[in-house]
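Structural description and commentary
Here is what each chain is made of, one letter per residue.
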Amino acid sequence: MTDHPDHSHLSDSELRVRALESLLVDKGLVDPAALDAIVDTYENKVGPRNGARVVARAWVDADFKQWLLRDGTAAIDSLGYTSTQGADIVVLENTAKVHNLTVCTLCSCYPWAVLGLPPAWYKSFPYRSRAVKDPRGVLLEFGQDIADDVEVRVWDSTAEVRYLVLPERPAGTADMTEDALAELVTRNSMIGTDRLGEA
Ligand code: FE
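None of these values were measured; they are calculated from a predicted model.

Here P135 shows up in helix α8 (residues 135-141). Looking at P135, the relative accessible area reads 16%, which means it is buried. Spatially, the C-alpha atom of P135 lies 7.7 Å from that of L101, the residues being 34 residues apart in sequence. Setting aside anything within four residues of it in sequence, one finds P135 in contact with L101, R130, V152 and V154.

Written as structure tokens, this is what we have:
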């Protein structure tokens, strides 16, 4: 991993955690597979579900949506998903004419409070470089053929600002509850590599 001042992803406490994990595994006190399972939970279940609830609230509550777009950090904090990273969260609204894609070109800055831990591909060099150079090509590989008349905007995360995409509410969902709507929201739709189809 590259180390540079604006993307100080390895804080002192993170280094200490890594050192402790190595020591515990070496001494046979913890099972690395169990640790992987915990990380998997945060990566795939707990984290993205927080973001999904933020998105569903914005879909059903116009005032909350306006607040979220104006001050994502405060609006997200009001739902109890407080960032512990000292970074602001800026929310980007997808529309019929704009598709937002997020990346960290230099390392792996990511909004943990709402999305959990980043997936491996997000941290990979090919994604980090190609998301900027050829975003439409990357989106196509994720199964998203973005029409020519839709503007694709790419946002490069830093230690100070993390991005969350607010996907468009799918058609045919007018009668759904907020909880049911949250179930429709995928992690990748909040990174911007996915678009939500009809419910
Ligand atoms: Fe970074």
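The final tally for this structure, using the stated rule, is 7 aromatic pairs. Ring centres of Y122 and Y127 lie 5.8 Å apart, and the angle between their planes is 35 degrees; on these two criteria the pair is classed as tilted. Classification of Y122 as buried rests on a relative accessible area of 1%. The exposure class of Y127 is buried, given its relative accessible area of 5%. Put simply, the rings of Y110, W121, Y122, Y127 and F142 touch in pairs and so form one group of aromatic residues.

Turning to a nonpolar patch on the surface, a few remarks are in order. A grouping of L20, L24 and L29 is seen on the molecular surface, where their side chains present a nonpolar patch of about 290 Å² in accessible area. Structurally, L20 is set in helix α1 (residues 12-26). Its relative accessible area of 51% is what places L20 among the exposed residues.

Take the pattern of salt bridges next. Oppositely charged side chains can form a pair if their charged atoms are brought close together. Scanning the model with the defined rule gives 6 salt bridges in all. A salt bridge links E141 to R130; the nearest nitrogen and oxygen atoms lie 3.1 Å apart. Here R130 lies in helix α7 (residues 125-133) and E141 lies in helix α8, a separation of 11 residues in the sequence. A single network of salt bridges, built from pairs that share partners, joins R130, D134 and E141.

Moving on, we come to α7. An α-helix turns once per 3.6 residues; consequently, residues spaced three or four apart project the same way. For α7, the complete set of buried residues consists of Y127, R128, S129 and A131. Tucked into the core, α7 has its buried residues touching β2 (98-103), α6 (120-123), α8, β3 (151-156) and α10 (187-191).

Among the 6 residues that make up strand β4 (residues 161-166), 5 are buried, leaving the element largely enclosed by the rest of the structure. As paired strands, strand β1 (residues 88-93) and β4 are joined by 6 bridges and run parallel to one another. From the neighbouring strand, I89 faces β4, where its bridge partner is R162.

Next up on the list: the nonpolar core. Ranked by internal contacts, the top residues of the largest apolar core, which has 37 residues, are V54, L68, I76, V114, Y127 and L164. For this core, the element with the highest residue contribution is helix α2 (residues 32-60), accounting for 6 residues. Aside from chain neighbours lying at most four places away, what touches Y127 is L101, T102, V103, W121, Y122, V138, F142, I191 and T193.

Among the structural elements, N50 can be located in helix α2. Here N50 falls in the buried class, since its relative accessible area comes to 13%. When sequence neighbours within four positions are dropped, the list of residues in contact with N50 reads Y81, A113 and V114.

Calculation notes
- Residues numbered from 1 in each chain as written.
- Predicted model: local features only at pLDDT ≥ 70, side-chain atom pairs only at ≥ 80, totals over all residues.
- Heavy atoms only, no water.
- Helix = DSSP H or I, 4+ residues; strand = E, 2+ residues; numbered from the N terminus.
- Buried < 20%, exposed > 50% of the residue type's maximum accessible area, 1.4 Å probe, protein only.
- Contact = heavy atoms within 4.5 Å.
- Phe/Tyr/Trp six-rings, centres within 6.5 Å; stacked < 30°, edge-to-face > 60°.
- Patch = residues over 30% accessible without salt bridge, like charges linked within 9 Å, V, L, I, M, F, W, Y side chains within 5 Å.
- Areas by Shrake-Rupley, 256 points an atom, 1.4 Å probe, with all protein chains shown as cover.
- Salt bridge = Lys/Arg side-chain N within 4 Å of Asp/Glu carboxyl O.
- Pairing = 2+ DSSP bridges.
- Core = buried A, V, L, I, M, F, W, Y, C linked by side-chain atoms within 4.5 Å.

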